[in-house]
Amino acid sequence: TTYLQAALMVPRGRCSFEHKALSAQRLGASAVIIYGTLSSRYSLNFTNSTDDGSTNDAKTRSDYTKDDVIWPQDKLDYDCNFGKAYLPSSAMDGVDFLKMPGGYNTQNDNMLTGPSMNNLCVKYDATEGGDASFAGSCKSQRCLVTGKNVSVADSSGGVKYEACCAWDMHVWLYQDSSIAKDAEDVAIPSVFITMGEAAELLDVVRGAEDSGGDPVVLSIYERYRPHYNASALLIWAFGVFVAWIASYHSSLEIRRVSKLVMKHREMRLQREHEREQQQQRRGDNGHTQQSGRPRSRSNSPSANGENANGSGSVALEMPSNSSAAEGGQERTIYQSRAEADSSGAAAIVTQNVAPRHDEESLELTSAHAFGFIAMASTSLLVLFFFKIYNVVKIMYAFGCSGAFAQIIVHPGLTMLFRRLEWERPLMPMKWLSEEAATRESLRGGVKGRCLSCLWSFFGPLFPVDIAAMIISYGVGATWLWVAFTIPHPDTITFYWLIQDIFGLCMCMLFLETIKLNAIKVGAVLLVVAFFYDIFFVFVTPLLTKHGESIMVNVATSGGPPKADPSWCEKYPFTSECKGGDPLPMLFAIPRLFDYQGGCSMLGLGDIVLPGLLLSFASRYDESKRLMGLVAGGSGRVPNNACPDAGSGKAASCFLCCCCRNGYFGPVVVAYAIGLFMANAAVYIMEMGQPALLYLVPCCLGTMVYMGYKAGELKDLWEGPRVIRAADRLMYGEPHVENAEEEDQGEERQVLEDGMCNEEAEMT
């Protein structure tokens, strides 16, 4: 018989899926539908049988007993927790498990299926759990006799047979390893449907046959799964954005000072313009003193903007992250310029400030670079061998909650309260002031010791601080609860979105705290990280027992689940089904429109390590701009990699076309190109890629090339003087009375030789 242009419905049995599909294909079927059955869960033990046609032949043998039945397997085929019944011997006599050739009689389905009393499991329900019933607890509405004899102490007495709720789920149509590889390939569509779906489809087919109508037309569709997923493009764009915003944010304080310099310069120019207009009006009107003498002029700088020597003076209040209540001191810069000074040099004065640097920042050295890689390698190996991924989740949740509060929540609440003109949350709490803590401490007692301890640990406490901490750590605790209670939480929008926001805040805080002040240190760090990334992605598969990449294994929380997908669908919380979820040390975006799931991932290290170089470029550009403004220049920072930028040859220079404002722009573009190359390599090679393999040459190579072309490579390599000068300007150095007294100092040298040169266009 041939079945051209027909779809065959084949019950599941002892024959493999691939064998069934090949058989249907050879018969001319255009598709094959394999459906689940209760009979496929039973079989007979043919170990002591033969195939010789004798009385002991497996297919004709008639002396089988129930002891020869191979019963369904617990948890794999059924689960008594979802419905259970105890069948008496009288009921079991009507259930046939010995009909040849397979053993199970398909007529049993009528007695083991459905929600009515015709189902023996509904009739003899023994489901535990209050008001629970077999019909209400068993979704499949089908039961399997487990083969276990149970002695039940009731009025009937005797032995009863256990029957439990059968699983009815989709399964993978796995290949048959016993079929030769060079055999015929399956070319027709092959699908699997459940017992419930098969019953509905068979009812439709039989109804069409009984009515004599048109045959049932079947359409089989393959679920859409994009080969190139848009999530890869999104993770690339998000990675570039995070690297840019974190690096740009690291130079925020320098830009604030530059804006103050510009603001006060505009104010000074406006006052000079107003004074000139007043003098002009006085000259036109010919106003004089009645005594015949000119009107006296005050020498107070507060009166007319000039000092005793006639030179303009502008006081600049420096922004500070720590308020006066926290023990910080206001920093003031006085920019003074003699009207007759054609050089434009300005004296820089810091008053009432002891030399200091930000206590929350750290300048990297080569020792830090090697130590960082050693710690990263150790952490990676510990995670690979000990599988303590839950510890990482806890550390990530609470560590990033603090960064989330500092970067987003606290500034957002502060801005909101100021917009609402609600000042009380922005005022320190009186009960935790220094005076209150000192007073209670002198009195003694538990309260005094507690307040003194709180003051020494927290300092002044504001209501907005408490609100920010409650919100941030509340979000972190919720994220952690989802991570521990829901299997594969990366499919939940709240989980992966908060994880990415936490990662963004952590990157911004890292680059704000860790400083790179020389390319030499950055080159050591990035080159070592370059080989570190390659080793743990490409080399470790050659060294591990199962050929696993340590980096990929750790990034996916131990790799994909070890258990069968069908088992994990039933019992997702078992240890064999854990794994495959992105570890919270990276950014993750779920694959869009992909029913098989998965994520596009980017490690935080691929952001912060090249980000140190991007941050260095941003701070270098902003420092040049600041020192140029202080020196009286315009603050423009051109791209010095093209010294002939003013000529027509500039159009041929790619870096000049990318950005004409220093190093930061081109290095960000180089980072974007390197990250795009890494994502493209994932699809081309169909395996995870070490992103630093592409990012380090692009970013470090661009920075070195531009520095070489601009003639600034030596200064960048050893540590730019302009960054040191900007730090001294903001954080304080020994007192300088005026520019003439320190004419030979390094700061004046930077202003004259470094900042007021023709290349930087600072004059």
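As the structure is a computational prediction, the values presented were derived from the model and not from experiment.

Parameters at a glance
Residues numbered from 1 in each chain as written. Predicted model: local features only at pLDDT ≥ 70, side-chain atom pairs only at ≥ 80, totals over all residues. Heavy atoms only, no water. Helix = DSSP H or I, 4+ residues; strand = E, 2+ residues; numbered from the N terminus. Buried < 20%, exposed > 50% of the residue type's maximum accessible area, 1.4 Å probe, protein only. Contact = heavy atoms within 4.5 Å. Areas by Shrake-Rupley, 256 points an atom, 1.4 Å probe, with all protein chains shown as cover. Expected span 1.5 Å × (residues − 1). Bend = angle between axes of the 7 residues up to and from the residue. Salt bridge = Lys/Arg side-chain N within 4 Å of Asp/Glu carboxyl O. Disulfide = S-S within 2.5 Å. Axes fitted to C-alpha atoms, helices over the stretch in contact; angles between N-to-C directions. Left-handed = near helix turned anticlockwise from the far one by under 90°. Nonpolar A, V, L, I, M, F, W, Y, C, P; charged D, E, K, R; others polar. Pairing = 2+ DSSP bridges. Polar contact = N/O pair within 3.5 Å; in protein donor to acceptor, adjacent residues only side chain to side chain. Phe/Tyr/Trp six-rings, centres within 6.5 Å; stacked < 30°, edge-to-face > 60°. Lys NZ or Arg CZ within 6 Å of the ring centre and 35° of its normal. pLDDT = per-residue confidence, 0-100. Parallel < 35°, antiparallel > 145°, perpendicular 65-115°, else oblique. Patch = residues over 30% accessible without salt bridge, like charges linked within 9 Å, V, L, I, M, F, W, Y side chains within 5 Å.

Before going further, it helps to examine the overall build of the protein. When its secondary structure is counted, the protein shows 25 helices and 15 strands. In the protein, buried positions account for 44% of the 763 residues. Within the protein, contacts between residues separated by at least 24 positions form 70% of all contacts whose residues are at least 6 apart in sequence. When the accessible surface of the protein is summed, it comes to about 41,400 Å², and 57% of that surface belongs to carbon and sulfur atoms.

Right, let's get into helix α11 (residues 389–419). Count 3.6 residues to each turn of an α-helix, and residues three or four apart come out pointing the same way. If you check α11, its first and last C-alpha atoms are 43 Å apart, about what 31 residues at 1.5 Å a residue would give, namely 45 Å. Maximal helix bending in α11 amounts to about 45°, located at A405. Just beyond α11, the residue with positive phi is E421, at close to 55°.

Under the definition given, this model contains 9 salt bridges. Linking D77 and R41 is a salt bridge whose minimum nitrogen-to-oxygen distance equals 4.0 Å. Here D77 is found in the loop between β4 (69–70) and β5 (78–88), whereas its partner R41 is found in the loop between β2 (31–35) and β3 (43–44), with 36 residues between them in sequence. R41 carries the same exposure label as D77, and that label is buried. Residue R268 is joined to E272 by a salt bridge in which the shortest nitrogen-to-oxygen separation is 3.0 Å. Of this pair, R268 and E272 both sit in helix α8 (residues 252–285), separated by 4 residues, roughly a single helical turn. What makes E272 partly exposed here is its relative accessible area of 21%. Salt bridges sharing common partners tie together R225, R591 and D594.

To continue, consider the state of the cysteines. Within the structure shown, the criterion is met by 4 disulfides. A sulfur-sulfur separation of 2.1 Å characterises the disulfide bridge that pairs C121 with C143. A torsion of 90° about the S-S bond marks the disulfide between C121 and C143 as right-handed. Here the residue C121 occupies a position in helix α4 (residues 120–123), and C143 occupies one in strand β6 (residues 143–151), the gap between them amounting to 22 residues. On the basis of relative accessible area, C121 is assigned to the buried category, the value being 0%. Exposure remark for C143: the relative accessible area of 0% places this residue in the buried category. Covalently, C138 is tied to C165 through a disulfide, its sulfur atoms 2.0 Å apart. Because the sign of the S-S torsion sets the handedness, a value of about 80° for the bond joining C138 and C165 places this disulfide among the right-handed ones. Residue C138 is found in the loop between α5 (134–137) and β6, and its partner C165 is found in strand β7 (residues 159–166); the two are separated by 27 residues along the sequence. In this pair, the class of C138 matches that of C165, namely buried. Not engaged in a disulfide, the cysteine C699 finds its nearest cysteine sulfur in C698; these two sulfurs lie 6.5 Å apart.

So, on to the packing of helix α7 (residues 230–250) against helix α15 (residues 493–513). Interaxial distance between α7 and α15 falls to 8 Å at its minimum, and their mutual angle equals 35°. The crossing of α7 and α15 is right-handed. Here α7 contributes F238, V242, I245, A246, S247, H249 and S250 to the contact with α15, which in turn contributes D500, L504, C507, M508, L511 and E512. Along the lines of polarity and charge, the residues of the contact of α7 with α15 split into 8 nonpolar, 3 polar and 2 charged.

This brings us to the pairing of strand β1 (residues 7–11). Where burial is concerned, the two faces of β1 differ: the one with L8 and V10 is buried and the one with A7, M9 and P11 is not. Two elements, β1 and β2, share 5 bridges in a ladder whose sense is parallel. Its bridge partner being in β2, P11 is matched across the sheet by Y35.

Let's shift gears to the side chain of N119. Summarising the element assignment, N119 is placed in the loop between α3 (109–112) and α4. Judged by its relative accessible area of 0%, N119 falls in the buried class. Within the local environment of N119, its side chain forms a polar contact with the backbone nitrogen of C121, the two atoms lying 3.0 Å apart. If we ignore the near neighbours within four places in the chain, the residues touching N119 are M111, L112, T113, G114, F134, Q141 and C143.

As a further point, take the sheet that holds β1. Strand order in the open sheet formed by 3 strands is β1-β2-β8, with parallel pairing between adjacent strands. What marks the edges here is a single partner per strand, and that holds for β1 and β8 (190–193). Between one strand axis and the next, the sheet turns through 25° on average, direction left out of account. Note that β2 and β8 share 4 bridges and pair parallel. Paired with Y35 across the bridge in β8 is I193. Docked against the sheet, helix α1 (residues 17–26) engages β1, β2 and β8, running at close to 145° with respect to β2.

Turning next to the packing of aromatic side chains. The geometry of two aromatic rings is summed up by the distance between their centres and the angle between their planes. Throughout the structure, instances matching the rule amount to 28 aromatic pairs. With 6.4 Å between their ring centres and 25° between their planes, F398 and Y473 make a pair best called stacked. Of the two residues, F398 sits in helix α11 while Y473 sits in helix α14 (residues 463–485), which places them 75 residues apart along the sequence. On the accessibility criterion, F398 (38% relative accessible area) is partly exposed. By way of ring pairs, the aromatic residues Y396, F404, W479, Y495 and F502 are connected into one cluster. Above the ring of Y248, the side-chain terminus of R255 is found at 3.6 Å from the ring centroid. The residue whose ring lies beneath K387 is F384, and the NZ or CZ to ring-centre distance is 4.8 Å.

Let us now look at the confidence of the model for the protein. Averaged over every residue, the pLDDT of the protein is 80; residues scoring 70 or more account for 78%. Every residue in residues 288–359 is under pLDDT 50, and counting partners more than four places away or in other chains gives 144 contacts.

The subject of this paragraph is the packing of helix α16 (residues 519–539) against helix α19 (residues 605–630). Where α16 meets α19, the closest approach of the two axes is 10 Å, and the angle between their N-to-C directions is 160°. Taken together, the axes of α16 and α19 are roughly antiparallel relative to one another. For the pair α16 and α19, the sense of crossing is left-handed. Residues I519, L525, L526, A529 and D533 of α16 form the contact with α19, whose own contacting residues are D606, L609, P610, L612, L613 and F616. Looking at the contact of α16 with α19 residue by residue, the classes come out as 9 nonpolar, no polar and 2 charged.

Below, the discussion takes up a nonpolar patch on the surface. A surface patch of nonpolar side chains, amounting to about 670 Å² of accessible area, comprises L381, V382, F385, F386, I388, V391 and M395. Where the nonpolar patch is concerned, the elements lending two or more residues are α10 (366–386) and α11. Of the residues forming the nonpolar patch, the biggest block, 4 residues, is contributed by α10. As for its placement among the helices and strands, V391 is situated in helix α11.

Moving on: unusual backbone geometry. Despite not being glycine, K75 shows a phi value in the positive range, around 70°. Mapped onto the elements of the fold, K75 is located in the loop between β4 and β5. Positive phi, normally seen in glycine, also occurs at K387, with a value near 55°. Within the secondary structure layout, K387 lies in the loop between α10 and α11. What makes K387 partly exposed here is its relative accessible area of 40%.

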